[in-house]
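# Residue-level structural notes
Here's the letter readout for the chains.
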Protein chains: 2
Amino acid sequence: MSLQSLNTPAALIDVARMVRNIERMQQRLNGLGVRFRPHVKTTKCVQVVDAQIAAGAQGITVSTLKEAEQFFATGIRDIVYAVGMAPGKLGQALELRRQGCDLKIVADSIACAEAIEAFGREHGEAFDVWIEIDVDGHRSGVLPEDDLLLAIGKVLKEGGMHVGGVLAHAGSSYEYDTHDPLVRIAEQERSGCVRAAERLRAADIPCEVVSIGSTPTALTAEHLEGVTEVRAGVYVMFDLVMHNVGVNDTSEIALSVLTTVIGHQEDKGWAIVDAGWMAMSRDRGTQRQQRDFGYGLVCSENGEVLGDYVMSGANQEHGIISRTGTPDREIAHRFPIGTRLRILPNHACATGAQHPVYQALAEDGSIETWPRFYGW
Amino acid sequence: MSLQSLNTPAALIDVARMVRNIERMQQRLNGLGVRFRPHVKTTKCVQVVDAQIAAGAQGITVSTLKEAEQFFATGIRDIVYAVGMAPGKLGQALELRRQGCDLKIVADSIACAEAIEAFGREHGEAFDVWIEIDVDGHRSGVLPEDDLLLAIGKVLKEGGMHVGGVLAHAGSSYEYDTHDPLVRIAEQERSGCVRAAERLRAADIPCEVVSIGSTPTALTAEHLEGVTEVRAGVYVMFDLVMHNVGVNDTSEIALSVLTTVIGHQEDKGWAIVDAGWMAMSRDRGTQRQQRDFGYGLVCSENGEVLGDYVMSGANQEHGIISRTGTPDREIAHRFPIGTRLRILPNHACATGAQHPVYQALAEDGSIETWPRFYGW
């Protein structure tokens, strides 16, 4: 199988770029003296995660219990389910632990902690629970200085659960695009999470792990004192949102969507392609960033950026390619029907999720099909 | 299996609503004296399409050749692939026709028509080709008055292909939200497509089928003189985008996402749920409409709209539920941890696509799992 023989649309991984992205993050975190626990929600793909672990990752982060089940089945034991535990999913978590999975679950409220410890006591299971810390008001978690933190720890500890650590995610780091604010939010993530761990320990609640991370903060933090591990996901592919944040060049984006030109509207300067939002996802993450790439940035079939052409519109299976600024009325000559292009995505997690498989393109031009799973 | 036993997130179909939606559209088009060819891209689900055909639909519309293959395998022969033909997919189309599928393909350019007739002649296949008509400048197609239309018809006819019809989709109908402009765009779709057919026939190019459609225009057209069939897809589920357009009430939306409350940020008036954009899709189709529903409108587990609560933010597996306007600082009491909610989606096609299966909830409370497929 070769690039030229692939049906379109297809989700293409440039394996050399992916390997460089994996090495870059692993070497950086090795240098900062912390363990690395990649978030596998980005790819849900065994071959990608194997490469992350081969490079030195220790354990994985998951966003669904299905991911935990699928990766545990491939032999990975050390797994953090980094979404607040729904009481109704405790049976599924118990089943994984009974099978030998070292699954960690997350709580950020008394109600959740009580549900976990009640279920754990009922089933004779000392769940390993990490408490989620809110370091930037972005989503979930307990503020480091809030005594709720200690109350949650106490409920868990007294209920016989194991308080294994604290975990934070500075999701607001995606909103910056210059170095200094990124350094500041990285430090805020680090210091807030470390502070929460210190408060728990001072209250005689054990808290071994201090887990932080997002791709932007992992790549900009100046030091990680007190942190034991970092989580990051999208770095493995990178994307246009991360490019706008400033942590990768477009030439480092490992994921693209291969597509074919199927029509034109010459007076409008449009080429129509057979990749729409079903292939790109509806993610418009660059819409409010410094540069709006529409639904993606256009490259040649060989992966070179072709200037200012973006996917400016998308229906389910139609994409509209146009030049930013003045319309290109020669577009039918530039990209004749049958021309194959690659589109760099706004958000690698969202675009990957639309595809049952990745087509992994090696430097020698050979292609392997790497399945990915979906659903819950 | 019951509603209460379902894991979350899950894509739920209210079967009674779906059946009413199917009957409404079928009866309307029967009354207008045209055939109905539903677009199955909305659900990609055999059970749903079976219900559409049982109600009187004749043939189906697909957005990918995979849909054609999957539904042909279930016994449906009469299929229109309503996306401009990529030359590289002609082999796949030929294979379907050789197996007995009455597959129609689409062209809107000389280059595409030439590719089809060259491939057809080479393989001794008279493809049934429909010419796409541009009735609103929305996407693809040839203007009815453009002589390119006749030139395409001539290439196909002289190459031994069968010019089976013309097809138009007034995609811009989604941009309106009052009755009169919808009636006008519906008439524009009808008259433009009929005019194109008349011009082809006058040039001695056969053109039996005049195929138009979108859910808004199908539901507002005052007459369909000259039209032979209508296509529409999203009507089977309806959604919040269509509600804003004005063609359905929220109580008619048959698709929702079942989710569980997993946390709160009380000072912000947030409840956090276990359905994020992975379960809802990234579709923000209501963003620029008369009412922005965020990522969806919140209902009780039993499907009743709960007032002004929407999913105001979404990460991959986290949704933020909040009240429109003033924050609800009692939200943790209103929706305690473990509360199950249904979220009505912006766009049923996009939300469905995120799920491997639908959970079909009958009026008696029983649930059947209906698979859907994805990919290309």
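Residues numbered from 1 in each chain as written. Chains lettered and ligands numbered in written order. Predicted model: local features only at pLDDT ≥ 70, side-chain atom pairs only at ≥ 80, totals over all residues.

## Quick look at the overall build of chain A
Inclusion rule: Counting from the N terminus, the helices are DSSP H or I runs at least four residues long and the strands are E runs at least two residues long. Each radius of gyration is computed over the set of C-alpha atoms, and the globule rule expresses the reference value as 2.2 Å times the number of residues to the power 0.38. Exposure is read from a count of other C-beta atoms within 10 Å of each residue's own; the residue is exposed at 12 or fewer, buried at 20 or more and partly exposed in between. C-beta atoms are placed from the backbone. Note that contacts rest on C-beta atoms placed from the backbone: two residues are in contact if these are within 7 Å.
Each helix and strand in chain A was counted, giving 12 helices and 17 strands. In summary, chain A has a C-alpha radius of gyration of 22 Å against a globular reference of 21 Å for 376 residues, a match within 12%. Among the 376 residues that make up chain A, the fraction classed as buried is 59%. Within chain A, residue pairs in contact and separated by at least 24 positions form 68% of the contacts whose partners lie at least 6 positions apart.

## Focus on the relation of the copies chain B and chain A
Note the following rule: Here the copies were fitted onto each other by least squares, based on C-alpha atoms from residues at pLDDT of at least 70 in both.
Once chain B is rotated about the relating axis by 180° and shifted along it by 0.0 Å, it coincides with chain A to within an RMSD of 0.0 Å. What the rotation and shift describe, once combined, is the action of a two-fold rotation axis. No C-alpha of chain B approaches the rotation axis more nearly than that of R282(B), which lies at 2.4 Å. Of the interface residues in chain B, 100% have counterparts in chain A that sit at the interface too, so the contact is made through matching surfaces.

## As for the interface of chain B and chain A
By a frequent convention, interface size equals the accessible area lost on bringing the separate parts together. The condition is simple: Each residue is assigned to one class: nonpolar for Ala, Val, Leu, Ile, Met, Phe, Trp, Tyr, Cys and Pro, charged for Asp, Glu, Lys and Arg, and polar for all the others, Gly among them.
Between chain B and chain A, the residue contacts involve 45 residues of the former and 45 residues of the latter. Those elements that place two or more of their residues in the side of chain B that touches chain A are β4 (78-84), α5 (110-123), β10 (255-265), α10 (277-280) and α12 (348-352) of chain B. For the side of chain B that touches chain A, the element with the highest residue contribution is β10(B), accounting for 4 residues. By residue class, the composition of the side of chain B that touches chain A is 19 nonpolar, 19 polar and 7 charged.

## Some remarks on the pairing of strand β13 (residues 305-314) of chain B
Residues and elements named next belong to chain B. As a reminder, the rule being used: Between any two strands, pairing holds if DSSP finds at least two bridges.
Note: strand β12 (residues 297-300) against β13, 2 bridges, orientation antiparallel. Looking across to β13, one finds that C299 is bridged to V305. Between β12 and the antiparallel strand that follows it, β13, lie 4 residues; G303 among them carries a positive phi value of about 100°.

## Remarks on unusual backbone geometry
Cis rather than trans, the peptide bond between T8(A) and P9(A) has omega equal to -5°. Relative to the helices and strands, P9(A) resides in the segment before β1 (10-14).

## Focus: the sheet that holds strand β3 (residues 60-62) of chain A
Residues and elements named next belong to chain A. We apply this condition: Under this scheme, a helix contributes an axis fitted over its contacting stretch, all axes are lines through C-alpha atoms, and angles between N-to-C directions fall in the 0 to 180 degree range.
Taken in spatial order, the 8 strands line up as β2-β9-β8-β7-β6-β5-β4-β3 in an open sheet, and their pairing is parallel. Since the sheet does not close on itself, it has two edges, and those belong to β2 (35-36) and β3, each with one partner. Summarising the sheet, strand β5 (residues 102-107) and strand β6 (residues 128-133) pair through 4 bridges and their orientation is parallel. In the sheet register, A107 faces β6, and the bridge partner there is I131. Lying on the sheet, helix α5 (residues 110-123) is in contact with β4 (78-84), β5 and β6; it crosses β5 at an angle near 145°.

## So, the sheet that holds strand β3 (residues 60-62) of chain B
All names here are of chain B. An order of β2-β9-β8-β7-β6-β5-β4-β3 is seen for the 8 strands of this open sheet, with the pairing classed as parallel. Either end of the sheet is taken by a strand with one partner, and the two such strands are β2 (35-36) and β3. Both β2 and strand β9 (residues 229-230) contribute to a ladder of 2 bridges, which runs parallel. Counted as the bridge partner of R35 is E229 from β9.

## Here's the deal with the domain arrangement of chain A
Residue and element names in this part refer to chain A. Rule in force here: Domain start and stop points were drawn from an automatic or database domain assignment.
Parsing chain A into structural domains produces domain 1 (33-236) and domain 2 (254-371). One C-alpha centre belongs to domain 1, the other to domain 2; they are set 35 Å apart. Taken together, the contact pairs 8 residues of domain 1 with 8 residues of domain 2. Looking at the side of domain 1 that touches domain 2, its residues break down into 2 nonpolar, 4 polar and 2 charged.

## Concerning the packing of helix α6 (residues 148-158) of chain A against helix α7 (residues 179-202) of chain A
Residue and element names in this part refer to chain A. Heads up, the rule is: Oblique is the label for any angle not under 35 degrees, not over 145, and not in the 65 to 115 range, which are roughly parallel, roughly antiparallel and roughly perpendicular in turn. It is the rotation of the near helix from the far one that decides the hand of a crossing: anticlockwise by less than a right angle makes it left-handed, clockwise makes it right-handed.
Look at α6 against α7: their axes get within 10 Å of each other, and the N-to-C directions meet at 55°. It follows that α6 is oblique to α7 by the angle criterion. Two packed elements cross with a definite hand, and for α6 against α7 that hand is right-handed. Residues L149, L150 and G153 of α6 touch α7, and the partners they reach there are A196, R199 and L200. Partitioning the contact of α6 with α7 into residue classes produces 4 nonpolar, 1 polar and 1 charged.

## What about the pairing of strand β7 (residues 162-168) of chain A?
The two faces of the sheet receive side chains in turn, since in a regular strand these alternate between them. Residue and element names in this part refer to chain A. Quick reminder of the rule: Look down the strands so they point away from you; if the path from the first strand over the helix to the second goes clockwise, the crossover is right-handed.
The element β7 is largely enclosed, with a buried count of 6 among its 7 residues. One ladder, built from 6 bridges, connects β6 with β7; its direction is parallel. By the bridge assignment for β7, I133 is matched with A168. Where the polypeptide runs from β6 across α6 and back to β7, its parallel neighbour, the crossover connection is right-handed. As paired elements, β7 and strand β8 (residues 209-212) share 3 bridges and run parallel to each other. Its bridge partner lying in β8, V166 is registered against V210.

## Comments concerning α5(B)
All names here are of chain B. Note the threshold: Each helix should span, by expectation, one fewer than its residue count multiplied by 1.5 Å.
Under the 1.5 Å per step criterion, the end-to-end length of α5 is 20 Å for 14 residues, consistent within 8% with the ideal 20 Å. The complete set of buried residues in α5 reads A111, C112, A113, I116, E117 and G120. Looking at the residues trailing α5, positive phi occurs at G124, about 65°.

## A look at the nonpolar core
Most often, soluble globular proteins keep nonpolar side chains buried together rather than apart. Stated precisely, the cut-off is as follows: To define a nonpolar core, we join buried Ala, Val, Leu, Ile, Met, Phe, Trp, Tyr and Cys residues through C-beta atoms within 7 Å and take the resulting set.
Formed by 261 residues in total, the largest nonpolar core has its most connected members in Y81(A), I116(A), V166(A), C193(A), Y81(B), I116(B) and V166(B). Excluding residues within four positions of it along the chain, I116(A) makes contact with M85(A), L90(A), I105(A), A107(A), F127(A), V129(A), L156(A) and M161(A).

## A closer look at the environment of E132(A)
Take E132(A): it is sitting in strand β6. Residues E132(A) and G84(A) lie 48 residues apart in sequence; the distance between their C-alpha atoms is 7.9 Å.

## Structural notes on helix α7 (residues 179-202) of chain B
All names here are of chain B. With 24 residues, α7 should cover 34 Å at 1.5 Å per step; its first-to-last C-alpha distance of 34 Å lies within 8% of that length. Lining the buried residues of α7 we find β6 (128-133), α6 (148-158), β7 (162-168), β8 (209-212) and α8 (215-220). Directly beyond the C-terminal end of α7, a positive phi value near 65° is found at D204.

## Looking at the environment of A68(B)
All names here are of chain B. With respect to the helices and strands, A68 occurs in helix α3 (residues 65-73). On the basis of neighbour count, A68 is assigned to the buried category, with 25 C-beta atoms found within 10 Å. Distance in space between the C-alpha atoms of A68 and R282 is 26 Å, their sequence separation being 214 residues. Once residues lying within four places of it in the same chain are set aside, the contact partners of A68 are V62, I79, Y81, L96, C101 and L103.

## So, the packing of α3(B) against helix α4 (residues 90-98) of chain B
Residues and elements named next belong to chain B. Where α3 contacts α4, the two axes come as close as 11 Å, and the packing angle between them is 15°. Viewed along their axes, α3 and α4 adopt a mutual orientation that is roughly parallel. In the crossing of α3 with α4, the sense of the turn from one axis to the other is left-handed. Each of L65, A68, E69 and F72 in α3 lies in contact with α4, whose residues at this interface are Q92, A93 and L96. The class makeup of the residues in the contact of α3 with α4 is 5 nonpolar, 1 polar and 1 charged.

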